[in-house]
Amino acid sequence: MPLLAAEGLEKHFGDTRAVDGVDLAIDEKRLVSLVGSNGAGKTTLVNLITGLVRPDGGRIFFQGRDVTALPVYERIRSGIARSFQIVNLFDGLTGLDNVRLAVFSREGKIGHAASLAEGDPEARAEALEVLGEFGLGDKWDVKAGGLAQGERKLLDVAVAYALRPKLILLDEPTSGVGTREKSSIMDRIESVVRSHGLSAVIVEHDMDVVFRYSDRIVMMHEGRVLAEGPPNQIIRDERVAAILGRR
Amino acid sequence: MNPPRHSSPGAASLISVGLLVAVLLAVPSVASSYQTILLSYGLIMAIAALALNLLLGYTGLLSFGHSAYFGAAAYAVALTVKYLRVSAMEAFLAGGLVAGGVIAALFGFVCVRYTRIFFSILTLALSQVLYSLALKFFWVTGGTDGIRVPTPSLLGGVIRVPEDKVVFLAHDYYYYVLIVFLLCAGLVWLIVHSPFGKSLQAIRDNEVRAEFVGIRVRRHRWIAFVISGMLTGVAGALWAPLNGLATPDVLYWPFSGELVFMTVLGGFHSFAGPIVGAVAFNYLKTYAVGRTEYWQLLLGVVLVVLVLVMPDGIVGTAARLARGLRRAG
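Residues numbered from 1 in each chain as written. Chains lettered and ligands numbered in written order. Predicted model: local features only at pLDDT ≥ 70, side-chain atom pairs only at ≥ 80, totals over all residues. Heavy atoms only, no water.

Topic: the confidence of the model for chain B
Residue and element names in this part refer to chain B. Of the residues in chain B, 97% reach a pLDDT of 70 or more, and the chain-wide mean stands at 89. pLDDT under 50 marks residues 1–7. Its contacts with residues more than four places away, or in other chains, come to 15 contacts. Two summary scores accompany this predicted model of the complex, namely pTM at 0.88 and ipTM at 0.87. (pLDDT = per-residue confidence, 0-100. Contact = heavy atoms within 4.5 Å.)

Next comes the structure, spelled out in structure tokens:
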């Protein structure tokens, strides 16, 4: 049984069929890249899986459970987390507090109003450990709004990872950063994903990144899955080459 | 920089708070009865401003309807006296807490579905429903005349109603208000530094991300709204005996505007801002009213200058100046 299965997923915006009958299966401990040109439906598919938007048709199963109608917080609890294409952080809070919120949430402490956040050494230690894993250990006291773009990208992923998900969906985790920094960010992400046995779906435009890090590639075009398979198979696919303009 | 081993209020902060409490305790001994009573009003408004700031500064929701919870509590006190013949301050506080909380729970259920201008307008509109009811049901509420609130007994009757009301208000009642203020301020401090308080700040900064951290945004907003209403109710309950009368003025929207003014005057980005703003506004308004018939014009000018020159309020500006001086030194 795959970790995540989407069956006949559909999402329309007016006359535009952003996602048009997508079937998708993500196995455990796999790093899957979602590729395609702008408007192919990649981000909409991520939004559907994570509950940001509701599908017009189709079902989503996570660990065999139908999560199609679940609100976001219940999907988070079941083990689905995400980062965003445009970095989405709590800019007025420090890096430590950004991650610590995820720790509190996972531990069911987020509603605790009668205990001091600072008085929870385990949560602080875990948040610092997560920051360390993403190379942000020395930025714990810097407000998220004051971090560099690459650091913000990593913190975005770190917040999602601190929820200890089984599946993490990362929407363009390297967009807006330099080539050298891309490798650094992806190395960190790959290290965390593989060492903790997570599954990851990464929306990415940089095909060098995609072919270097992915176990499997899903190519989308006009809201549909055009091709999918391991990188060595996808790289030989004529349809993929035609769209990506590479060969 | 090394990771924090343990983070707690700094020694300097604790000393500052200790000194401030010592000064507040000494006020009845060194200041006139008039000044002490004036400060009581300021401390009561500080509770309401702290409550408002739980929504404005920490959750990012601007309420223009806090007169509803303050006024409902004041009327709850007045009606308790009128119909139940109860004059114990603790009963007044319980009544104010429940009245503020129940009204906030009902209004909040509707309001937290919206944000920004829609939230503000809804809070304002709903508060004016209560104002209209207070005017229309004059056989219950006394209409524009209001309902008289007598001087209460304190601490379950241990401190009885004295002959000299002014001395009572400037001494016993002042200390009572001070203790309740310190308890409320401590409670708000605890809340904003708790995981729940952090989640409110997360919602303020980024609602979508907060949702994707697993925070139930609407529920957290509603809980903050209810807590805010309850604390404002406590302020309303303390205010009614001090004022001696519950009138519809405190349900009218300009009173909500005054609470917002106080919070902005002190600075809504800091914990102490609303406290400083409430006390400062209270003095400012009292002296403006006493010196000129154009006091509203004076307050308007202060508000304009404040927004243009000191957007961080008194506390924020003082902190910025202190940082500048430290760097220059």
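Continuing now.
Structural notes on the sheet that holds strand β8 (residues 199–203) of chain A
Residue and element names in this part refer to chain A. Taken in spatial order, the six strands of this open sheet run β6-β7-β8-β3-β9-β10, and their pairing is mixed. With one partner strand each, in any of the chains shown, β6 (80–83) and β10 (224–229) form the two edges of the open sheet. Taken over all neighbouring pairs, the strand axes of this sheet differ in orientation by 20 degrees on average, direction set aside. Sheet topology places strand β7 (residues 167–171) next to β8; five bridges connect them, and they run parallel. Residue pairing in the sheet places Asp 171 in a bridge with Val 203 of β8. Against the sheet, helix α1 (residues 42–50) contacts β3 (31–35), β6, β7, β8 and β9 (216–221), and its axis sits at roughly 145 degrees relative to β6. Where helix α5 (residues 149–161) meets the sheet, it contacts β6 and β7, and its direction lies at approximately 170 degrees from that of β6. (Pairing = 2+ DSSP bridges. Helix = DSSP H or I, 4+ residues; strand = E, 2+ residues; numbered from the N terminus. Axes fitted to C-alpha atoms, helices over the stretch in contact; angles between N-to-C directions.)

Looking at the packing of helix α3 (residues 67–84) of chain B against helix α4 (residues 89–111) of chain B
For any two helices packed against each other, one specifies the crossing angle of their axes together with the interaxial distance. All names here are of chain B. For the pair α3 and α4, the least separation of the axes is 8 Å and the interaxial angle reads 140 degrees. One way to sum up the angle between α3 and α4 is to call them oblique. The way α3 lies across α4 gives a crossing that is right-handed. Each of Ala 68, Tyr 69, Ala 72, Ala 73, Ala 76, Val 77 and Val 81 in α3 lies in contact with α4, whose residues at this interface are Phe 92, Gly 95, Gly 96, Ala 99, Gly 100, Ile 103, Ala 104 and Phe 107. (Parallel < 35°, antiparallel > 145°, perpendicular 65-115°, else oblique. Left-handed = near helix turned anticlockwise from the far one by under 90°.)

Details of the sheet that holds strand β2 (residues 16–26) of chain A
All names here are of chain A. If you walk across this open sheet you meet the four strands as β2-β1-β4-β5, and the pairing is antiparallel. Whereas interior strands pair on both sides, the edge strands pair on one side only; in this sheet they are β2 and β5 (65–66). Here strand β4 (residues 57–62) runs beside β5; their pairing, made up of two bridges, is antiparallel. When the bridges of β5 are listed, Phe 61 appears paired with Asp 66. Strands β1 (4–13), β2 and β4 of the sheet are contacted by α1, whose axis makes an angle of about 65 degrees with β2.

Brief notes about the nonpolar core
Residues and elements named next belong to chain B. Of all hydrophobic cores here, the largest spans 91 residues; its most connected members are Phe 70, Tyr 173, Phe 181, Phe 225, Leu 238 and Trp 239. Sort the elements by how many residues they give to this core and helix α2 (residues 33–59) lands first, with 16 residues. Residues within four places of Phe 70 in sequence aside, it is in contact with Ile 44, Met 45, Ala 48, Thr 232, Ala 235, Gly 236, Trp 239, Val 250 and Phe 255. (Core = buried A, V, L, I, M, F, W, Y, C linked by side-chain atoms within 4.5 Å. Buried < 20%, exposed > 50% of the residue type's maximum accessible area, 1.4 Å probe, protein only.)

Quick word on the pairing of β9 of chain A
All names here are of chain A. In the sheet, β3 pairs with β9 via four bridges, with the strands oriented parallel. Bridging across to β9, Ser 33 finds its partner in Ile 217. As paired strands, β9 and β10 are joined by five bridges and run antiparallel to one another. If you follow Met 220 over to β10, its bridge partner there is Val 225. Here β9 folds back onto β10, and the loop between the two strands holds two residues, one of which, Glu 222, carries a positive phi near 50 degrees.

Some details on helix α8 (residues 172–192) of chain B
Taking 1.5 Å of rise per residue, the 21 residues of α8 of chain B would be expected to cover 30 Å, and the 30 Å separating its terminal C-alpha atoms lies within 8% of that figure. Among the residues making up α8 of chain B, those that are buried are Tyr 173, Tyr 174, Tyr 176, Val 177, Leu 178, Val 180, Phe 181, Cys 184, Ala 185, Val 188, Ile 191 and Val 192 of chain B. (Expected span 1.5 Å × (residues − 1).)

Re the pattern of salt bridges
The final tally for this structure, using the stated rule, is 26 salt bridges over all chains. Across the salt bridge formed by Glu 190 of chain A and Arg 194 of chain A, the nearest N and O atoms sit 3.2 Å from each other. Of this pair, Glu 190 of chain A and Arg 194 of chain A both sit in helix α6 (residues 179–195), four residues apart, roughly one helical turn. Using a relative accessible area of 22% as the deciding quantity, one classes Glu 190 of chain A as partly exposed. Measuring nitrogen to oxygen at the nearest pair gives 2.9 Å for the salt bridge that ties Arg 221 of chain B to Glu 207 of chain B. A residue pair is termed long-range when its members are at least 10 positions apart, and Arg 221 of chain B in helix α11 (residues 217–243) and Glu 207 of chain B in helix α10 (residues 207–212) qualify at 14 residues. Residue classification places Arg 221 of chain B among the buried positions, given a relative accessible area of 5%. Among the residues examined, Glu 207 of chain B registers a relative accessible area of 35% and is labelled partly exposed. Salt bridges sharing partners connect three or more residues here, namely Arg 106, Glu 107, Lys 109, Asp 120, Glu 126 and Arg 164 of chain A. (Salt bridge = Lys/Arg side-chain N within 4 Å of Asp/Glu carboxyl O.)

Regarding the packing of aromatic side chains
Residues and elements named next belong to chain B. Under the definition given, this model contains 16 aromatic pairs over all chains. Aromatic pair Phe 70 and Phe 255: ring centres 4.7 Å apart, planes at 50 degrees, arrangement tilted. With Phe 70 in helix α3 and Phe 255 in helix α12 (residues 253–266), the pair connects residues that are 185 residues apart, well separated along the chain. Exposure class is identical for Phe 70 and Phe 255. Each is buried. Three or more aromatic residues joined by ring pairs form one cluster here, namely Tyr 69, Phe 107, Phe 119 and Phe 225. (Phe/Tyr/Trp six-rings, centres within 6.5 Å; stacked < 30°, edge-to-face > 60°.)

Re unusual backbone geometry
Residues and elements named next belong to chain A. Positive phi values are uncommon outside glycine, yet Lys 29 reaches one of about 55 degrees. When you line up the elements, Lys 29 lands in the loop between β2 and β3. Judged by its relative accessible area of 53%, Lys 29 falls in the exposed class. A positive phi is found at Arg 164, a non-glycine position, where the angle reads about 50 degrees. The residue Arg 164 is located in the loop between α5 and β7 in this model. Take Arg 164: its relative accessible area is 30%, and that puts it in the partly exposed class.

Points about the environment of Val 210 of chain A
Residue and element names in this part refer to chain A. Mapped onto the elements of the fold, Val 210 is located in helix α7 (residues 207–213). What makes Val 210 buried here is its relative accessible area of 1%. Measuring from C-alpha to C-alpha, the distance between Val 210 and Leu 31 comes to 9.9 Å, with 179 residues separating the pair along the chain. If sequence neighbours within four positions are ignored, Val 210 has contacts with Ser 33, Val 35, Glu 204 and Ile 217.

With respect to the side chain of Lys 153 of chain A
All names here are of chain A. In this structure, Lys 153 sits in helix α5. One buried charge, Lys 153, has no salt-bridge partner; the nearest side chain with opposite charge is Asp 156, at 5.9 Å. Not counting residues up to four positions away in its chain, the partners in contact with Lys 153 are Phe 84, Gln 85, Val 87, Glu 172, Pro 173, Ser 175, Val 177 and Ile 185. (Lys, Arg positive; Asp, Glu negative; His and termini not counted.)

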